[in-house]
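What follows is the residue order along each chain.
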Amino acid sequence: MKKKKKAPSFFTFFSADYVNMKIPKVFTQCVDEPFPERVFLRDRNNHMWIVEMEQDGHQWSFVKGWNKFVNDNSLTKFDLLVFQYVHKNIFNVKLYGTSATEKNIIGPCILGGVNPDEEEEEEEDDSEMTESENYNQQNQENVNNEGLAGNNRHGKQLTKRRRKCYGMDIFEAGQAKIPKNPYFVAKFKPTRRTDLFIPSDVINDYGLTFDEEIILVDPEGREFTSYYRKWEKSGGRSVLSRGWIELCLANQVTEHDKCICEFVPREGDNRHFLHVSFVRSNM
């Protein structure tokens with residue numbers, strides 16, 4: 001098994017004398033690529049703040065948005081901040097007060113955190129149903145869409161439920177082309193913003209099996225590591241945790257946009273790669 005590279009980190013003591021925060025030059029040498037124009041600061045509760053980066057020679061700094069992070073977390077002089085650069089645009093941040101204990105202040109932020117195992121279970125929609133409900137709906141609502149679905153659905157007719165998870169309205173409207181590889185269409189759900197659910201129809205139709213780790217790839221080629229699991233509290237539904245919220249934030253995805261998620265094989269790499277593209281609501 002390929003050993004994961006440890007994410008680089010640094011610490012600093014907060015000083016109220018500076019409007020911006022300078023990143024140690026030695027730390028920047030540990031990062032493979034230049035920082036993007038904007039990054040996300042994520043605390044222990046998965047709350048996130050957008051902060052712009054500024055470069056002056058070899059010196060990088062947090063600038064616009066840094067003051068909001070400071071105010072929201074009630075930082076005071078000599079507070080200890082530990083930053084870990086876990087992705088191309090995400091810093092995990094731990095905050096320690098002068099008492100030497102970790103601070104747990106939840107102030108305003110751009111996106112609240114969610115603990116998937118403690119969140120109240122959302123009401124099931126028609127994309128996931130029991131076997132008996134599937135059978136009844138398939139017999140009552142069969143829709144012949146041959147030619148639209150192609151052979152990758154093994155000749156099964158598309159019910160309303162299948163049309164939804166395969167996003168047939170998008171392709172019929174000419175907003176995108178049907179992917180060649182196994183795929184499904186999803187939305188960013190504010191009530192379950194950390195998770196991406198994989199419809200059972202897609203798993204069954206394609207005979208998919210997954211490893212624990214799945215790499216999400218956005219249209220810019222940026223990769224976000226997510227983890228596959230069965231959510232037992234929801235009848236064993238298949239869900240990807242982590243990575244999804246970072247991808248959506250980095251691409252400014254809204255709950256009204258549609259996300260085409262395609263499993264694309266990569267030559268010489270046995271890992272699963274899920275390429276995500278978007279059909280914006282204003283198209």
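Cut-offs and rules
Residues numbered from 1 in each chain as written. Predicted model: local features only at pLDDT ≥ 70, side-chain atom pairs only at ≥ 80, totals over all residues. Heavy atoms only, no water. Salt bridge = Lys/Arg side-chain N within 4 Å of Asp/Glu carboxyl O. Helix = DSSP H or I, 4+ residues; strand = E, 2+ residues; numbered from the N terminus. pLDDT = per-residue confidence, 0-100. Contact = heavy atoms within 4.5 Å. Buried < 20%, exposed > 50% of the residue type's maximum accessible area, 1.4 Å probe, protein only. Pairing = 2+ DSSP bridges. Axes fitted to C-alpha atoms, helices over the stretch in contact; angles between N-to-C directions. Core = buried A, V, L, I, M, F, W, Y, C linked by side-chain atoms within 4.5 Å.

1. Quick notes on the pattern of salt bridges
Phase 1 of the analysis: Applying the stated criterion to the full structure yields 13 salt bridges.
Phase 2 of the analysis: Residue Arg42 pairs with Glu246 through a salt bridge whose shortest N-O separation is 1.9 Å. Taken together, the residues span a long stretch of sequence, with Arg42 in strand β3 (residues 38-42) and Glu246 in helix α7 (residues 244-250) at a distance of 204 residues.
Phase 3 of the analysis: For the salt bridge of Glu223 with Arg266, the shortest nitrogen-to-oxygen distance reads 3.0 Å. Taken together, the residues Glu223 in strand β11 (residues 223-231) and Arg266 in the loop between β13 (258-263) and β14 (272-279) connect sequence positions 43 residues apart.
Phase 4 of the analysis: Through salt bridges with shared partners, a single ionic network connects Arg161, Arg162, Asp201 and Asp205.

2. Quick word on the confidence of the model for the protein chain
Phase 1 of the analysis: For the protein chain, per-residue confidence averages 77 on the pLDDT scale, and residues scoring 70 or more make up 77% of the total.
Phase 2 of the analysis: Of all helices and strands in the protein chain, the one with the weakest mean pLDDT is helix α3 (residues 131-140) (38), whereas β13 scores best (95).
Phase 3 of the analysis: Low pLDDT, under 50, characterises residues 112-156; the predicted model gives this stretch 81 contacts beyond four residues in sequence or across chains.

3. A short note on the environment of His87
Phase 1 of the analysis: Residue placement: His87 occurs in strand β6 (residues 80-87).
Phase 2 of the analysis: Contact partners of His87, with chain neighbours within four places excluded, come to Glu223, Phe224 and Thr225.

4. With respect to the environment of Phe11
Phase 1 of the analysis: Looking at where Phe11 falls in the secondary structure, it is placed in strand β1 (residues 9-13).
Phase 2 of the analysis: Taking the relative accessible area as the measure of exposure, Phe11 reaches 53% and is therefore exposed.
Phase 3 of the analysis: It is 9.9 Å that separates the C-alpha atoms of Phe11 and Leu95, two residues lying 84 residues apart in sequence.

5. Focus: the sheet that holds β1
Phase 1 of the analysis: Read across the sheet, seven strands follow the order β1-β6-β7-β3-β4-β5-β2 without closing on themselves; strand pairing throughout is mixed. The open sheet has two free edges, formed respectively by β1 and β2 (21-23), since each of these has just one partner strand. Averaged over all pairs of adjacent strands, the angle between strand axes in this sheet comes to 35 degrees, irrespective of strand direction.
Phase 2 of the analysis: In this structure, strand β4 (residues 48-56) lies alongside strand β5 (residues 59-62), joined through four bridges in antiparallel fashion. Pairing of Gln55 across the sheet is with Trp60, part of β5.

6. Some thoughts on the nonpolar core
Phase 1 of the analysis: By size, the foremost hydrophobic cluster in this structure holds 40 residues, and its most contacted members are Phe184, Trp244 and Leu274.
Phase 2 of the analysis: Within the second largest apolar cluster, 24 residues are counted, among which are Phe14, Leu75, Phe83 and Leu95.

7. Description of the sheet that holds strand β8 (residues 183-186)
Phase 1 of the analysis: Ordered by their spatial adjacency, seven strands build an open sheet running β8-β13-β14-β10-β11-β12-β9, and the pairing between neighbours is mixed. Here the strands that pair on one side only, and so sit at the sheet edges, are β8 and β9 (195-198). Across the sheet, the mean angle from the axis of one strand to that of its neighbour is 30 degrees, orientation sign disregarded.
Phase 2 of the analysis: Relative to strand β12 (residues 237-241), β11 is paired through five bridges, and the arrangement is antiparallel.

8. Structural notes on unusual backbone geometry
Phase 1 of the analysis: Phi is positive for Ser74, close to 50 degrees, though the residue is something other than glycine.
Phase 2 of the analysis: For Arg242, which is not a glycine, the phi torsion comes out positive at approximately 65 degrees.
Phase 3 of the analysis: Relative to the elements of secondary structure, Arg242 occurs in the loop between β12 and α7.

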